[in-house]
Structures are given as structure tokens and as C-alpha cells.
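Structural features, examined
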Amino acid sequence: MIIQPSEVNPRDLYKLMIGLVVPRPIAWVSSVNEEGQPNLAPYSFFNAVSADPPVVCFAPSRKPTGDNRKDTLRNVEQTGEFVVNLVSADLAEAMNKTSEDVAPEVNEFALAGLEAAPSLLVKAPRVATARASLECKVKHILPMGDKPTSGILVIGEVVCFHVADGLMDNFKVDPDRLDAVGRMGGFTYSTTRDRFDIVRPGLMKG
């Protein structure tokens, strides 16, 4: 089967993308608006793009109607800051609760029964129980298209890492302790517990 995007409706393209590009890491993004109102929402169009400097990106899609910017996007545009909280398996249900489309004045930390912790260099709070959180300053915000539901790429430089005690040794993260979950298609998620090693040619394992 050959599929050309110009011949497919956006909803079906979305289903195709999230079904093929799997598993996707989840950026559980906390932010605040100019008045200090917190927001917390998950995004699975997310990845790391540089280590020196450390840079991550996530891409909220526009809403199809009305003011189509999501609260997170509006907040990072206003403040230039955000925090990416990593999602471990024990936080998956709470993360899912914060995906609900609610009014901007709703505090998703309270909605999901989560404790907020202060960040060091940005105004947005962290998820206190997240095993790792990345404080970020916005470098670029790039629209990916001009269609009603086009994605908008938010690129941020990590200015501070919060890593739980015992999670890493000599900067090598223990994947069992992180116990991250990934996003598949539809309502499906995956764990990172079933793993295998392949040593790159020319490199020693370890």
C-alpha cells in the first residue's frame, strides 16, 4: 500500500503516525502562565536532539477549532520556560489524568493528586515524584504547518536536571529504576522492561 499525505484526512494521518513511530517517549510538560497558574500535560511527540548543549523538543498540535493553541504552548510562549518530567510506570495513571482537556484555570497537579515541587532555575514547578525532571529554557518555537491541527515544535535547552537518588551511576541511568513508559498507538502504552543489547561495531560493551 502506498499512502500520500495529500490524499488522506488529518485524523487518519495522525493514527498512522502514532501507530508507526513507536514506542515514543513521553514529555510530561509542566509550565505556568504569566499569572503563575500551573499547567501539566503529556506529549508523546518528544525527544532529545542534542547533548552539548543538552536540548530536547516536544510538539503540541493545534486544536481544530477556536483559540487553537494548547495551554502548554501558550504558557511557553509567554514565559519562555517549561519542565519535562519523565513518566515512570507508577505515574502512568496520573499522567493520563492530566491529558484531559480542561479549562486553563484548572490545576492538573491537583486534578491528578500530584505534589508540585519548586524548580531551581525556571518558574514552572516539577512533579515531585517524577524520577527525573528537566528544567528547560525555550530556544525556538517552530510551526510545522499552517493547517488547523498542524504541530508546533518547541525546542528547549535543559538548564537543570533533577535525578532521583540511586537512579544513575557515573551518569549512566539504570533503566530498571527509571522504569519509563512509552506511547504506542490509540490507548496503548508500553514499558521499557523487555530489553536486549547489541554492541555497536568497533565499540566495547560497557
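A brief structural summary. The structure presented is a predicted model; accordingly, all values stated were derived computationally and were not measured.

Thoughts on the overall build of the chain
Across its full length, the chain carries five helices and 13 strands. Computed over the C-alpha atoms, the radius of gyration of the chain is 18 Å, within 12% of the 17 Å expected from 2.2 N^0.38 for a compact globule of 206 residues. Taken over the C-alpha atoms alone, the chain extends approximately 50 × 50 × 30 Å along its principal axes. In the chain, buried positions account for 38% of the 206 residues. Across the chain, every contact between residues at least 6 apart in sequence was considered, and the portion connecting residues at least 24 apart equals 61%. For the chain, the accessible surface area stands at approximately 12,500 Å², while carbon and sulfur atoms represent 55% of it. In the chain, the 22 positive side-chain charges and the 26 negative ones have mean positions that sit 4 Å from each other.

Structural notes on the sheet that holds strand 1 (residues 27-32)
Taken in spatial order, the seven strands of this open sheet run 2-1-5-8-9-4-3, and their pairing is antiparallel. A single partner strand is all that each edge strand has here, and the edge strands are strand 2 (38-43) and strand 3 (46-51). The average undirected angle you get between the axes of adjacent strands in this sheet is 30°. Bridging between strand 1 and strand 5 (residues 81-86) involves four bridges; their strand directions are antiparallel. Looking at the pairing, Val29 lines up with Val84 of strand 5. Where helix 2 (residues 71-79) meets the sheet, its contacts fall on strand 1, strand 2, strand 4 (54-58), strand 5, strand 8 (132-143) and strand 9 (152-163), and the angle it forms with strand 1 comes to roughly 55°.

Quick look at the environment of Pro42
Topologically, Pro42 is positioned in strand 2. Sequence separation between Pro42 and Val84 is 42 residues; the distance between their C-alpha atoms is 9.1 Å. With sequence-adjacent residues up to four places away left out, Pro42 is seen in contact with Ile26, Ala27, Trp28, Met95, Thr98 and Ser99.

Things to note about the nonpolar core
Most often, soluble globular proteins keep nonpolar side chains buried together rather than apart. Counting residues in hydrophobic clusters, the biggest one holds 21 residues, and the most contacted among them are Val29, Val56, Phe58, Phe82, Val84 and Leu134. When near neighbours in sequence (up to four residues on either side) are disregarded, Val29 contacts Asn39, Leu40, Ala41, Tyr43, Phe58, Thr72, Phe82, Val83 and Val84. Among the nonpolar cores identified, the runner-up in size contains 13 residues, and Ile26, Leu40, Val87 and Leu114 belong to it.

Structural notes on the environment of Gly80
With respect to the helices and strands, Gly80 occurs in the loop between helix 2 and strand 5. C-alpha of Gly80 to C-alpha of Val122: the two residues are 42 residues apart in sequence and 9.2 Å apart in space. Excluding residues that lie within four positions of it along the chain, Gly80 makes contacts with Asn75, Cys136, Lys137 and Val138.

Examining the packing of aromatic side chains
In the structure shown here, the tally under the stated rule is three aromatic pairs. Summarising the aromatic geometry, the rings of Tyr14 and Phe45 are spaced 6.4 Å apart at their centres and angled 40° between planes, so their arrangement reads as tilted. Of this pair, Tyr14 sits in helix 1 (residues 10-20) while Phe45 sits in the loop between strand 2 and strand 3, and the two are 31 residues apart along the sequence. For Tyr14, a relative accessible area of 33% translates into the label partly exposed. Given the relative accessible area of 35%, Phe45 is considered partly exposed. Ring geometry for Tyr43 and Phe58: centres 5.3 Å apart, planes at 45°, overall tilted. Placement of the pair is Tyr43 in strand 2 and Phe58 in strand 4, with a sequence separation of 15 residues. A residue is classified by how much of its surface remains accessible, and Tyr43, at 8% relative accessible area, is buried.

Parameters and conventions
- Residues numbered from 1 in each chain as written.
- Predicted model: local features only at pLDDT ≥ 70, side-chain atom pairs only at ≥ 80, totals over all residues.
- Heavy atoms only, no water.
- Helix = DSSP H or I, 4+ residues; strand = E, 2+ residues; numbered from the N terminus.
- Rg over C-alpha atoms; globule rule 2.2 N^0.38 Å.
- Buried < 20%, exposed > 50% of the residue type's maximum accessible area, 1.4 Å probe, protein only.
- Contact = heavy atoms within 4.5 Å.
- Areas by Shrake-Rupley, 256 points an atom, 1.4 Å probe, with all protein chains shown as cover.
- Lys, Arg positive; Asp, Glu negative; His and termini not counted.
- Charge placed at Lys NZ, Arg CZ, Asp CG, Glu CD.
- Pairing = 2+ DSSP bridges.
- Axes fitted to C-alpha atoms, helices over the stretch in contact; angles between N-to-C directions.
- Core = buried A, V, L, I, M, F, W, Y, C linked by side-chain atoms within 4.5 Å.
- Phe/Tyr/Trp six-rings, centres within 6.5 Å; stacked < 30°, edge-to-face > 60°.

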